[in-house]
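Structural overview for review
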Amino acid sequence: MTFDESSIDHILSTTRAVRLRLDLEREVEKQIIVDCIDLAEQAPTGGNLGSRRWIVVTDPTIKKQLAELYYAAGGNWMIRMRDELQGTGHPNEQMMKSAAFLAENLQSVPMIVIPTIIGEHDGSGRPGLFDSVIQSAWSFCLALRARGLGTAWTTAVFEKRDELKSLLGIPPEVTEIVMLPVAWTKGTEFSPARRHPARDITFFDKYSKTFESGPSSPISFSDGPGTIVEIDIDASVKKVWSLVADINFPASFSEEFVGAEWENERLEPSVGALFIGRNNNEHFGDWSVNCFVDSYEKFKTFGWCTGNFRHPGARWKFELEAFGGGTRVRFRVLLGPGPSGLTRLVEANPENESVIIDSRLDALNRNMMNVLVGMKAALD
Ligand SMILES: Cc1cc2nc3c(=O)[nH]c(=O)nc-3n(C[C@H](O)[C@H](O)[C@H](O)COP(=O)(O)O)c2cc1C
C-alpha cells in the first residue's frame, strides 16, 4: 500500500486549536464522532489494556452546565485577558481573542468530547494513564481534521474537577484528560504554526548537540555541528536583555572568552555592527576574532558571526523568550562553514576529525552554560 504522504503531512502540520472558526450552527452526526473514536482507539496503550473511556456531551442542558463550569474555572479569566490585550499587539492577543470566544460560546458547540482513562494519576510511573491516552486523544483530533471537523485541546475545566465529575457522573477512580469542543470548521484551510525548527531542538547522540545536516557517521565538519544551552531565569525579558546585549558580560564566566570591543562604541548595535572578540585557551593561546552582528532584535535575538563576513568561522546567537513570569534564554553556536582555529586543527589531524569536533562542542557547551548560569545568578 502506498500513502498520500503530502495529505498526511498537511493534516499533521495544520491541525490547529480551532475556536473562532467552529461552526456553531451546523449539526454534527454522532456516528462521525464514534468513527473517529474507533480510529483513536488504535493508539498504543500501556500493558495493552483498553482503559480509555470517552464521554460525548450533546444534551443542551448538560452542555450549558459544562459551559458554566468552564467559565468559572478559567473562561472568565480568558475573557478578561482578551479585553485587556485587545489592540495592544501583545503576542497572545489573537490567542486570547480565540480562547475568550470559546469561553463565551461553549454551550453552543454541537458536541463536547472528554476522553478519560480508568485509573488515578498518582505519580507511580506505571503505564496506562496519561501516557496511554494523550496519543489517542490527539489521533481523535487528527481524524476530525481529516473529515473537516475541528476542536481545541482544553484543560481549564479541570480546575473544577469535582464539579465536573458530579455533573457527568464520572467515577472517582477515572481520570479526565482533555475537553474537546467539536464542530465542523468554517473552511478547511489552516496554516502551520510557528514552531522551533527540528534542527534546533533535535540532538544527535548527546543532549545539546545539533547538526545542520546529516550527521554523517562519524561526524564531520561539513555536517554543520553546533551546540545549544538554555536556562529559565526568573527575571523580565528586559532585564535579561541588558546582560545579553553586553558583549563583555560572558567574559566573567567563560574559560575562553576574555573580552570584546565594539568598533564604534557610540552607535546602538544593529545588524552589520562590528566588534572584536579576544579569547584564550590552552590549545590555541591568545587570539582575536572579527565579529559582525547578523541578527539584532531588541529583547529577542542577538546573533553574530566570526571571521569572514560571507564565510564565517562560527555563528553565535542569544534568543530570549518570555516564559511564565520570567525569561527562557537560548544560547547557541554553529561551527563553520568558514575557516577557524578548529578547521586548521582538523586539517592537521584529519584522522581525528570527529573526536576534535566532539571535544570542541563539549568545551563550548561548558563555557556557554557557565555564562547562562552566571546570568541567572546575577538576575534571579
Ligand atoms: C495542555 C494544554 C491545555 C490547553 N488548555 C486550553 C484551554 O483550557 N482553553 C483553550 O482555549 N485552549 C487551551 N489550549 C490550547 C492552546 O491555547 C493552543 O494550543 C494554542 O492557542 C496554540 O494554538 P495551536 O495549537 O493552533 O498552535 C491548551 C493546549 C494544551 C496543549
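My aim in this report is to walk through the structure given alongside it, one point at a time. (Residues numbered from 1 in each chain as written. Predicted model: local features only at pLDDT ≥ 70, side-chain atom pairs only at ≥ 80, totals over all residues.)

1. So, the packing of helix α8 (residues 237–244) against helix α10 (residues 353–379)
Close contact between α8 and α10 brings their axes to 11 Å; oriented N to C, the two are set at 130°. Here α8 is positioned oblique relative to α10, judged by the angle of their axes. For α8 against α10, the interelement crossing comes out right-handed. Here α8 contributes Lys239, Val240 and Leu243 to the contact with α10, which in turn contributes Met375, Ala378 and Leu379. A breakdown of the residues in the contact of α8 with α10 according to their chemical character gives five nonpolar, no polar and one charged. (Axes fitted to C-alpha atoms, helices over the stretch in contact; angles between N-to-C directions. Helix = DSSP H or I, 4+ residues; strand = E, 2+ residues; numbered from the N terminus. Parallel < 35°, antiparallel > 145°, perpendicular 65-115°, else oblique. Left-handed = near helix turned anticlockwise from the far one by under 90°. Contact = placed C-beta atoms within 7 Å. Nonpolar A, V, L, I, M, F, W, Y, C, P; charged D, E, K, R; others polar.)

2. Description of the sheet that holds strand β7 (residues 225–233)
Read from one edge to the other, the open sheet built from eight strands follows the order β6-β7-β13-β12-β11-β10-β9-β8, with strand pairing classed as antiparallel. The two strands at the open ends of the sheet, each matched to only one other strand, are β6 (209–211) and β8 (257–262). This sheet shows a mean twist of 25° between the axes of neighbouring strands, independent of strand direction. Sheet analysis places β6 next to β7, joined by three bridges and oriented antiparallel. Note that in β7 the partner of Lys209 across the bridge is Thr227. On the sheet, α8 packs against β7, β11 (301–307), β12 (312–323) and β13 (326–335) and is oriented at approximately 160° with respect to β12. (Pairing = 2+ DSSP bridges.)

3. Considering the environment of Thr2
Following the sequence through the fold, Thr2 ends up in the segment before α1 (5–14). For Thr2 and Pro60, which are 58 residues apart along the polypeptide, the C-alpha to C-alpha distance reads 43 Å.

4. Concerning the packing of helix α2 (residues 30–40) against helix α5 (residues 134–146)
Helices that pack against each other are described as a pair by the angle of their axes relative to one another and the distance between those axes. One can describe the packing of α2 onto α5 by two numbers: an axis separation of 8 Å at closest approach and a directional angle of 135°. The angle between α2 and α5 places the two elements in the oblique class. Crossing of α2 against α5: the hand is right-handed. Contact residues: α2 offers Cys36, Ile37, Leu39 and Ala40, while α5 offers Ser136, Ala137, Ser139, Phe140, Ala143 and Leu144.

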